[in-house]
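# Structural features, examined
Chain residues, written in single-letter form:
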Amino acid sequence: NEIAGEGDVPHASIGAARRMMVRDRRLQHEVMVEAVQNHMPTCLVIDEIGTKQEARAAMDVRHRGIQLIGTAHGTGLQQLVENPELNGLFGGIHTVILSDHEAARRGLRSKSVQERMGPCAFDCAIELTAVGTWVIHHHLADAVDRLLLKHSQQRPLTYE
């Protein structure tokens, strides 16, 4: 609610956009689905995605072709990817056992790797790393894949 103004008066910055209040935090995922089903938005802004149900609702929004802007709290991208409640935002994570040949082809020591199961809810992400400092992940799926492979070939842009 604080994204678009607290209370009954919407913040002037949202203009003519429709705002749906979430009266009970535990029902945010239902309000997300209701917004999509009943109001046909072109963009949905969601504050503090924090549960598995909200992550599923965010993926539902994505699959319906609606632009999604949201926040999720964590110590960093890696912590969010590893969070079982939120990793659905990143396509879900599962462990795959590779053959000896495939592990060698990939140059891996371990045959057990974690991989994304599907697309991310967001195309890009901004990770706040400190006050006034952030990292932009222009291609979130690639950033998640690099995290899961435990190596980074291309550093995202960092701004201070």
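As a reminder, the structure under discussion sits directly above these lines.
This section reports on the structure supplied with the text. Remember, predicted model here, so these are calculated numbers, not experimental data. Position numbers for residues start from 1 in each chain and track the written sequence from start to end. Confidence filtering applies because this is a predicted model: local features only for residues at pLDDT of at least 70, side-chain atom pairs given and counted only at 80 or more, and all residues used for totals across whole chains, interfaces and linings. With hydrogens and water stripped out, all remaining heavy atoms of the structure feed into the side-chain values.

## Description of the overall build of the protein chain
When you go through the protein chain residue by residue, the secondary structure sums to 5 helices and 7 strands. Mapped from its N terminus to its C terminus, the protein chain presents α and β elements in the order α-β-α-β-α-β-α-β-β-β-α-β. Once the C-alpha set of the protein chain is aligned to its principal axes, its extents read approximately 60 × 35 × 25 Å. Per-residue accessibility, obtained with a 1.4 Å probe over protein chains only, is compared with the maximum for each type, and a residue is labelled buried under 20%, exposed over 50%, and partly exposed between these values. Counting all 160 residues of the protein chain, 33% fall into the buried class. Should any heavy atoms of two residues lie within 4.5 Å, those residues are considered in contact. Across the protein chain, contacts joining residues at least 24 apart in sequence account for 44% of those joining residues at least 6 apart. Roughly 10400 Å² of accessible area belongs to the protein chain as shown, and the carbon and sulfur atoms make up 53% of that amount. Here the protein chain carries 17 positive and 20 negative side-chain charges, and the mean point of each set is 5 Å from the other. Secondary structure counts use DSSP, requiring at least four H or I residues in a row for a helix and at least two E residues in a row for a strand, with both numbered from the N terminus. The Shrake-Rupley method, run with a 1.4 Å probe sphere, supplies the accessible areas, and residue values consider only the shown protein chains as cover. Only four residue types enter the charge count, namely Lys and Arg as positive and Asp and Glu as negative; His and the chain termini do not. For this purpose, a charge sits on NZ of Lys, CZ of Arg, CG of Asp or CD of Glu.

## A word on helix H5 (residues 140-149)
Burial in H5 covers these residues: Leu140, Ala143, Val144, Arg146 and Leu148. If you follow the buried residues of H5, they end up packed against helix H3 (77-82), strand S3 (93-97), strand S4 (112-116), strand S5 (125-130) and strand S6 (133-137). Following H5 by one or two positions, Lys150 adopts a phi angle in the positive range, close to 65°.

## Brief notes about the pattern of salt bridges
A side-chain nitrogen of Lys or Arg and a carboxyl oxygen of Asp or Glu constitute a salt bridge if their distance falls within 4 Å. Scanning the model with the defined rule gives 9 salt bridges in all. The salt bridge involving Asp60 is made with Arg64; its shortest N-O contact spans 3.2 Å. Taking the relative accessible area as the measure of exposure, Asp60 reaches 25% and is therefore partly exposed. Note on Arg64: relative accessible area 42%, which makes it partly exposed. Between Arg105 and Glu102 there is a salt bridge, with the nearest N and O atoms lying 2.7 Å from each other. Of this pair, Arg105 and Glu102 both sit in helix H4 (residues 100-105), 3 residues apart, roughly one helical turn. When its relative accessible area of 57% is taken as the criterion, Arg105 is described as exposed. The class for Glu102 is buried, based on a relative accessible area of 17%. Among the ionic contacts, a cluster of salt bridges with common partners joins Glu102, Arg105, Arg106 and Glu115.

## Observations regarding the environment of His137
Position of His137 relative to the elements: it lies in strand S6. Classification of His137 by relative accessible area gives buried; the value is 8%. The sequence separation of His137 and Val113 amounts to 24 residues, and the corresponding C-alpha distance is 22 Å. Of the polar contacts made by the side chain of His137, one reaches the side chain of Glu127; its length is 2.8 Å. Two N or O atoms form a polar contact when they lie within 3.5 Å of each other; inside protein one atom must be a possible hydrogen donor and the other a possible acceptor, and for residues adjacent in sequence the pair counts only when both atoms belong to side chains.

In short, the description is geometric, and any link to function would need to be established separately.
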